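Examining the three-dimensional arrangement
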Amino acid sequence: MKPIMLQGHERSITHIKYNREGDLLFSSSKDSKANVWFSLNGERLGTFNGHQGAIWCLDVDWTSTKFLTASGDMSVKLWDLEYGSIIATISCKSPGRTCGFSYSGNQAAYSNDSSMGQTCEVTIIDVRNADSNLSTSDPILRIPISSSKVTSMLWANLDNNIITGHENGMICIFDLRTGKELNSVKDHSSTINDMQLSKDGTMFVTASKDTSAKLFDSESLVCLKTYKTEKPVNSASISPILEHVVLGGGQDAMEVTTTSTQAGKFDSRFYHLIYEEEFARVKGHFGPINSLSFHPDGHSYATGGEDGFIRLQSFDQSYFDYMFD
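Throughout what follows, the structure given in this document is the object of discussion. (Residues numbered from 1 in each chain as written. Predicted model: local features only at pLDDT ≥ 70, side-chain atom pairs only at ≥ 80, totals over all residues. Heavy atoms only, no water.)

Focus on the sheet that holds strand β18 (residues 192-197)
Stated formally: Two strands pair if DSSP finds at least two bridges between them. Under the DSSP-based scheme used, a helix requires at least four consecutive residues in state H or I and a strand at least two consecutive residues in state E, with every element numbered from the N terminus. Fitting a line to C-alpha atoms yields each axis, with helices limited to the stretch in contact; the angle taken between N-to-C directions then spans 0 to 180 degrees.
The 4 strands lie next to each other as β18-β19-β20-β21, forming an open sheet whose pairing is antiparallel. Each edge of the open sheet carries a strand with a single partner, namely β18 and β21 (223-228). Neighbour-to-neighbour, the strand axes of this sheet turn through a mean angle of 20°, independent of strand direction. Here strand β19 (residues 203-208) runs beside strand β20 (residues 212-217); their pairing, made up of 5 bridges, is antiparallel. In the sheet register, F204 faces β20, and the bridge partner there is F216.

So, the nonpolar core
The cut-off we apply is this: By convention a nonpolar core is built from buried Ala, Val, Leu, Ile, Met, Phe, Trp, Tyr and Cys residues, the set being connected through side-chain atoms within 4.5 Å. Relative accessibility decides the category of a residue: with a 1.4 Å probe and only protein chains considered, values under 20% of the type maximum give buried, values over 50% give exposed, and everything between is partly exposed. We call two residues contacting when some pair of their heavy atoms lies within 4.5 Å.
Core analysis: the largest hydrophobic core is formed by 16 residues, its most contacted members being L68, V76, L78, Y110, I125, V127 and L134. Those elements that place two or more of their residues in this core are β7 (66-71), β8 (75-80), β9 (85-91), β10 (96-101) and β11 (107-112). Contact partners of V127, with chain neighbours within four places excluded, come to K66, L78, F101, G105, N106, Q107, A108 and L134. Residues I143, M170, C172 and F174 belong to the second largest nonpolar core, which totals 14 residues.

Focus on the pattern of salt bridges
If the charged atoms of two oppositely charged side chains come close together, the side chains can form a pair. Here is the rule we go by: For salt bridges, the criterion is a side-chain nitrogen of Lys or Arg within 4 Å of an Asp or Glu carboxyl oxygen.
Per the counting criterion, the structure on display carries 12 salt bridges. With its nearest N and O atoms 3.0 Å apart, the salt bridge here joins E230 to R269. Of this pair, E230 sits in the loop between β21 and β22 (233-238) while R269 sits in strand β24 (residues 268-272), and the two are 39 residues apart along the sequence. Accessibility expressed as a relative area gives 6% for R269, which makes it buried. Of the charged contacts, one joins D267 and R281 as a salt bridge, the two residues approaching to 3.9 Å between their closest N and O atoms. A residue pair is termed long-range when its members are at least 10 positions apart, and D267 in the loop between α1 (261-264) and β24 and R281 in strand β25 (residues 278-282) qualify at 14 residues. Since its relative accessible area comes to 42%, R281 is described here as partly exposed. Each of E230, D267, R269, E278 and R281 takes part in one network of salt bridges that share partners.

Re the side chain of K77
Convention followed: Pairing of N or O atoms within 3.5 Å defines a polar contact, subject to two protein rules: one partner must be a possible hydrogen donor and the other a possible acceptor, and residues neighboring in sequence count only if both atoms are side-chain atoms.
Among the secondary structure elements, K77 is positioned in strand β8. In terms of polar contacts, K77 uses its side chain to reach the side chain of T89, at 3.1 Å. Residues contacting K77, with those up to four places away along its chain left out, are G50, H51, F67, L68, T69, I86, A88 and T89.

Looking at the sheet that holds β10
As summarised here, the arrangement of the 4 strands in space is β10-β11-β12-β13, forming an open sheet in which the pairing is antiparallel. Only two strands of the sheet have a single neighbouring strand rather than two, namely β10 and β13 (141-145). Between one strand axis and the next, the sheet turns by 15° as a mean value, whatever way the strands run. Note that strand β12 (residues 120-126) and β13 share 5 bridges and pair antiparallel.

A short note on the side chain of K214
Stated formally: For the purpose of charge, His is not counted, nor are the chain termini; Lys and Arg are scored as positive and Asp and Glu as negative.
Note on placement: K214 falls in strand β20. Despite being buried, K214 has no salt bridge partner; D187 is the closest side chain of opposite charge, sitting 5.6 Å away. For K214, the side chain forms a polar contact with the side chain of T226, separated by 3.4 Å. Ignoring sequence-local partners within four residues, the contact set of K214 consists of D187, H188, F204, V205, T206, C223, K225, T226 and Y227.

Looking at unusual backbone geometry
The phi angle at T211 is positive, at roughly 70°, despite the residue not being glycine. By secondary structure assignment, the location of T211 is in the loop between β19 and β20. A positive phi angle, close to 60°, is found at E276, a residue other than glycine. Along the chain, the position of E276 falls in the loop between β24 and β25.

Now the structure itself:
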């Protein structure tokens, strides 16, 4: 289980994501570049140059033809994946925080921060025949978020709902046909750093600064399971083939220098989805893990850390043979 180390960013990784087939891995970082890699051997396929600030979030549509990035330079960019060229740049009034394509790939959503006197908004755009006019055309829907700002976002229930995770730990679900909030829960007590759906979309896992990750039902927002750690959780992902959840985190980047690597808890931790028990740890990064993701075939996973490295870790046969007692 020797990992492949990917070195292509000068600053810390903010988000990593596989495409639907899992042959490509996308990464974004605070150095204002997004990269795409072959996940099989870690070879870099290309770089998306164009942003002026840290890229906080990225997403790729299911056909792997379009690519979306939200950046701190107060813009969201839609890219042509094949050529690495910019299709459209959408200006925001404050830094872009989250973005994502819908299940069909016909629509995309992005949110901006509630800073610089602006309120946080979730904006839905049509990207079917996207061209440079997208930056000036009106969006399909704007949902103003009056409470705490959105820090992570998911499309759910095909293209009908959007689930948002907020800075104060709230999770809300919106109906896009009416633009109204359907439900909200507050099971976390601090910022929700990341949310990822299960393979079939019926559940999603959240990672929060309150040192826990939780499993929710994606329709009713009922909290099903809780995975507890001692340090803030930055990212969590559900295995597509086994009942496993992997958590990554560590203490805040600014506090890292005051502790030893051992105390930092920079390991990936594997928990059983049902029993909520930790059964494995994988060391590696010398800084907190900011983002992680299971490969769509469940045979490997990738982590991106504050140290600027991405590690592709393949599982040994013993991982698949392991039976939970």
